Amino acid sequence: MLVSCVGCGGSFPDIEGPTHRYMESSPGCWAAFGEVLEREYSDPGYFEIHRLTVDAYAAQHPGQPSPQTIKSVGYHLVRICLLLEKGLTPDRANDAILLITKTKDQFAWLTPPASFGPITVADVREAGNVEQHKKMVRAWAASVWDAWSQYHPVIHGWLPKIDELRR
Ligand SMILES: [Zn+2]
């Protein structure tokens, strides 16, 4: 039997089990994320995509408003924006994230969109090899980014200045 995840809305087995403390999900969704992470840790071929997997999952499971969730969702949405929309390499995106730690109070709670898009961690879990997996994570992150589109102007305001990124 499948149940809908309270976070991403995807269908997952109705199991008992742990979930994350503030990234609210169904236990089945959290277990699927755990399997995907295990796969990514098992082979260096997944290294370049790993951060984006975490970003997509976090941005699809925002939880309830709190200082912690505001910070988490803010960081992960900013990183998806830098990687997908601005085309930064993962290293440069991390540098940019360090820059905005100086101004992290700028983040605010964004009321989550009604839908988080058609792709979930369940689709990434189905991937049969490294290339399919990486392709699916990119499609997933792009779809999550789209789902938050009403807030893109707000998120753009959270990015570090472009001249700071070039340093
Ligand atoms: Zn979920």
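Keep in mind the model is a prediction, meaning the values are calculated, not measured.

Cut-off values and rules
- Residues numbered from 1 in each chain as written.
- Predicted model: local features only at pLDDT ≥ 70, side-chain atom pairs only at ≥ 80, totals over all residues.
- Heavy atoms only, no water.
- Helix = DSSP H or I, 4+ residues; strand = E, 2+ residues; numbered from the N terminus.
- Rg over C-alpha atoms; globule rule 2.2 N^0.38 Å.
- Buried < 20%, exposed > 50% of the residue type's maximum accessible area, 1.4 Å probe, protein only.
- Areas by Shrake-Rupley, 256 points an atom, 1.4 Å probe, with all protein chains shown as cover.
- Donors = N, O, S within 2.8 Å, 3.2 Å for Na, K, Ca; no water.
- Tetrahedral: all angles 85-135°; square planar, octahedral: opposite > 155°, others 65-115°.
- Core = buried A, V, L, I, M, F, W, Y, C linked by side-chain atoms within 4.5 Å.
- Contact = heavy atoms within 4.5 Å.
- Axes fitted to C-alpha atoms, helices over the stretch in contact; angles between N-to-C directions.
- Parallel < 35°, antiparallel > 145°, perpendicular 65-115°, else oblique.
- Salt bridge = Lys/Arg side-chain N within 4 Å of Asp/Glu carboxyl O.

### Concerning the overall build of the protein
When helices and strands are tallied, the protein shows 8 helices and 2 strands. Starting at the N terminus and walking to the C terminus, you meet the elements of the protein as β-β-α-α-α-α-α-α-α-α. Taken over C-alpha atoms, the radius of gyration comes to 16 Å for the protein, in line with the 15 Å a tight globule of 167 residues would show. Along the first, second and third principal axes, the C-alpha atoms of the protein reach 50 × 35 × 25 Å. Among the 167 residues that make up the protein, the fraction classed as buried is 44%. As displayed, the protein has an accessible area near 8700 Å², and 54% of this comes from carbon and sulfur atoms.

### Some words on the coordination of the zinc ion
The protein atoms that coordinate the zinc ion are C5 (SG), C8 (SG), C29 (SG) and H61 (NE2), at distances spanning 2.0 to 2.3 Å. Around the zinc ion, the 4 donor atoms are arranged such that angles at the metal cover 101 to 114°; this shape is classified as tetrahedral. Donor residues binding the zinc ion come from one chain and are separated in sequence as C-x2-C-x20-C-x31-H. With C5 in the loop between β1 (2-4) and β2 (11-13) and C29 in helix α1 (residues 27-41), this residue pair connects regions lying 24 residues apart in the sequence.

### Topic: the nonpolar core
Counting 47 residues, the largest nonpolar core has F12, L77, V78, V121, W140, W148 and I155 as the members making the most contacts within it. Counting residues per element, the ones that place at least two in this core are α1, α2 (47-60), α3 (67-85), α4 (90-100), α5 (121-125) and α6 (130-147). Considering every element that reaches this core, the biggest residue donor is α3, with 8 residues. Aside from chain neighbours lying at most four places away, what touches V78 is I97, I100, F107, I155, W158 and L159.

### A look at the packing of α1 against α2
Contact geometry of α1 with α2 gives a least axis separation of 10 Å together with a crossing angle of 170°. For the element pair α1 / α2, the angle class is roughly antiparallel. Counting all contacts with α1, which are made through C29, W30, F33, V36, L37, E40 and Y41, the residues of α2 involved are I49, H50, T53, V54 and Y57.

### A short note on the pattern of salt bridges
One pass over the structure, following the stated rule, counts 6 salt bridges. Of the charged contacts in the structure, one is a salt bridge between K134 and E48, with a shortest N-O distance of 2.9 Å. Of this pair, K134 sits in helix α6 while E48 sits in helix α2, placing them 86 residues apart in sequence. For K134, a relative accessible area of 8% gives the class buried. For E85, the salt bridge identified is with K86, shortest N-O distance 3.8 Å.

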